[in-house]
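Fold and contact review
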Amino acid sequence: MEGRDIFITGTDTGVGKTVATLVLGTLLQGKGYNVGVMKPVQCGGDDAAFLKKSLRLSDSLLEINPCFAREPLSPHLAFQRERRTVDVEKILAAYERLKHKHDIVLVEGAGGLMVPLRYDYFVADLIRDLDLELIIVARLGLGTINHTLLTIEQARAQGIAVRGVLFSEASPRKHGIPQATLQGLPEKTNPQAVRTLGNVEVLGTIPYLKSLRRKEIVCRCAATVDLKRLFEPSAGLSNARQKQLVAWDKKHVWHPFTQMKDWLTDEPLVIDRARGSYLIDTKGNRYLDGVSSLWVNVHGHGHRIVNARVREQLNKLEHSTLLGLSNAPSVELARKLTAIAPKGLTKVFYSDNGSTAVEAALKIAYQYWQNTGRKRKKYIAHLANSYHGDTLGSVSVGGIELFHKVYRNLIFKTIRVDFPDCYRAPKGKKYPDYAFECLDRFDAMLKKKHGQIAAFVVEPIVQGAAGMIMWPKGILKRMSELCRHYEIIFIADEVATGFGRTGTMFACEHEGVSPDILCLAKGITAGYLPLAATLTTKRIFDGFCFDYKDQKTFFHGHTYTGNPLACAAALANLDVFKKERTLARLAPKINFLSQGLKMFYNLPHVGDVRQRGFMAGIELVRDRQTQDPYPWQEKIGARVCREVRKHGVILRPLGNVIVLMPPLSMTIEELGRLLDVTYWAIDKVTGSG
Ligand SMILES: *Cc1c(COP(=O)(O)O)cnc(C)c1O
């Protein structure tokens, strides 16, 4: 039962966590639930065995308590003294097993949230890794408000949802206290104060129990602990609020790439929260984020490290300009980006989205030749079917007819280069001959026109928005070599492919290509904030370093250039790549995806399945033999995406191509579900007959 399990922590050690776990377990068993209990880390004592016996659990002690150290010390120390460390993977695996065996698993922590399990890992980290919501057990008395509010604040700061506070009376109530004394007053008023000050649910009070026998627990606690409140699924917004948001959206919001006439008659999905691979709507429904919130999310939503880094930066400096000033996060990020980028890229120009990253690249390339005296070099070459963004400069070098034809009279003249599309080659053309033919024509064109060409811009390895079109091997390398030979600035637009998407940090790495200019955006901030970077070589940079009076400055810049919050998110993004070994762990998942995608050829209307890393496209056709496409009016892609939504998956197509582009952090299990639901939806919508 997804989302039911809870983690039980205390405001301190010895506040009655184990009793609270026992009470909750007993009461839930009384309601007919199959309850599981876990005590992941235990140092000294026999809490796990006690819970196993009292709740008559059949799970092995090792499953209930995977990490045990003998001495009653803080875990980081107790384990260190036995020359061991707490094994988080073992805990996660044990939890997975228990989760499948029980309706509800109660996971009892060790001490409070900031108890170190290792020198680099706290109880709070474990709660996040288990992806559980929290119940805080607090004793009643003087000091309770402070301890409880601190725990709540720390939990929220770490992105852990607090389901409620459960109070526990550790000692018997003293009867016969004269009314005049203040004793007993904190006990009476604590719950209300915590509820108000902490803006949190209070789940009740466990009275002092003389014995921990089942009968006494049920008798004394059933009325004082609010189980219903405890297990209400994390509710969405109120009905009225949901309706209001939809109405205001329709009244005021103009959605991108959307026919608003359709939108206004539709029932829009409003996202309220997100966690890991899931988006959660205002009604509380969960959806697997199958396209990484339009290709940006990298490590999952609400990532602990990224959240913390952005929050930390927020407390320091939210924004200051790079026009005439500098700031620490943008400096550090520039240094780190140039360290991981392909060789030779040592300068970073910031902007705030993919289109402006390309826009800046084009202007830099153009002006470079103007500045250095080769004034005839003023055309930009680009690939047919390319997509580089929606501002006029980037639209000029785009080749997707549907997006671009309206603006034909506004855009500048370019040179269009044929791309050897493996699936949709012109009639009568075959592989690999056609690829060589394209290269030969490119070579011949450059030979003739290189004196007029400033730059050549490509999306390396995968042409994303064109429909996940994959480059045949070797073409990128050869094209970059030809550009070098003919003195043409080679611009790699890795807005979509950057940051691990294709299995390597940057797609250029697949063919050992070092572009003169590299455009980055989308995944740069792990999907948190708008930021883009245009990286160049020193040689290009030097083409702008002249005397002030020469007027050869790069006259370009956006107001939010180098925003510190966005740069902090980007720095955290790179940290997570390292800490979680994201790329190494991606390899088997890419494999799993490839295997799963093969199945789609069983569906008769799947014409082509294309994949590179975590970028995949499934092209639907009316006739597989003739490759006859579905007419665009049929909106076949959109219909499939509507269908998957009913089964808790969010996708967005590119015409007749179903795109799968999950966050790099998506688990094998979630990938399996993504594939299953997509397969089923295509089968349903295409009628497979
Ligand atoms: C998305 C994309 C862009 C445009 O980025 P925006 O942030 O939407 O402006 C440019 N180039 C490529 C390859 C893209 O995929």
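Residues numbered from 1 in each chain as written. Predicted model: local features only at pLDDT ≥ 70, side-chain atom pairs only at ≥ 80, totals over all residues. Heavy atoms only, no water.

Attention now goes to the pattern of salt bridges. This structure, assessed with the given rule, holds 35 salt bridges. Put simply, Asp-418 and Arg-441 hold a salt bridge, and the shortest N to O gap is 2.4 Å. A residue pair is termed long-range when its members are at least 10 positions apart, and Asp-418 in the loop between strand 16 (415–417) and helix 19 (433–449) and Arg-441 in helix 19 qualify at 23 residues. Owing to a relative accessible area of 36%, Asp-418 belongs among the partly exposed residues under this scheme. Bridged by salt links that share partners, the residues Asp-59, Glu-63, Arg-97 and Lys-101 form one connected network. (Salt bridge = Lys/Arg side-chain N within 4 Å of Asp/Glu carboxyl O. Helix = DSSP H or I, 4+ residues; strand = E, 2+ residues; numbered from the N terminus. Buried < 20%, exposed > 50% of the residue type's maximum accessible area, 1.4 Å probe, protein only.)

Moving on: the environment of Ser-480. Examined against the element boundaries, Ser-480 turns out to sit in helix 20 (residues 475–485). Its relative accessible area of 12% is what places Ser-480 among the buried residues. Separated by 12 residues in sequence, Ser-480 and Ala-492 have C-alpha atoms that sit 9.6 Å apart.

Pairing within the open sheet is mixed, and its four strands lie in the order 11-12-13-26. Strand pairing shows two members of the sheet lacking a second neighbour, strand 11 (271–275) and strand 26 (649–650), which therefore form its edges. Here strand 11 pairs with strand 12 (residues 278–281) via four bridges, running antiparallel. Directly across from Ile-271, in strand 12, lies its bridge partner Asp-281. (Pairing = 2+ DSSP bridges.)

Looking now at the site of the ligand. Lining the immediate environment of the ligand, one finds Trp-295, Asn-353, Gly-354, Ser-355, Tyr-387, His-388, Gly-389, Glu-459, Asp-493, Val-495, Ala-496 and Lys-522. Here an oxygen atom of the ligand sits 2.8 Å away from a polar atom, N or O, in the main chain of Gly-354. Within the side chain of Ser-355, one N or O atom sits 2.5 Å away from an oxygen atom of the ligand. Protein contact buries 84% of the 380 Å² of open area that the ligand shows by itself. By residue class, the composition of the shell around the ligand is four nonpolar, five polar and three charged. (Near = heavy atom within 4 Å. Polar contact = N/O pair within 3.5 Å; in protein donor to acceptor, adjacent residues only side chain to side chain. Areas by Shrake-Rupley, 256 points an atom, 1.4 Å probe, with all protein chains shown as cover. Nonpolar A, V, L, I, M, F, W, Y, C, P; charged D, E, K, R; others polar.)

This part is about the domain arrangement of the protein chain. Split into domains, the protein chain comes out as domain 1 (6–231), domain 2 (305–579) and domain 3 (583–686). Centre-to-centre, using C-alpha coordinates, domain 1 lies 43 Å away from domain 3. (Domains from an automatic or database assignment.)

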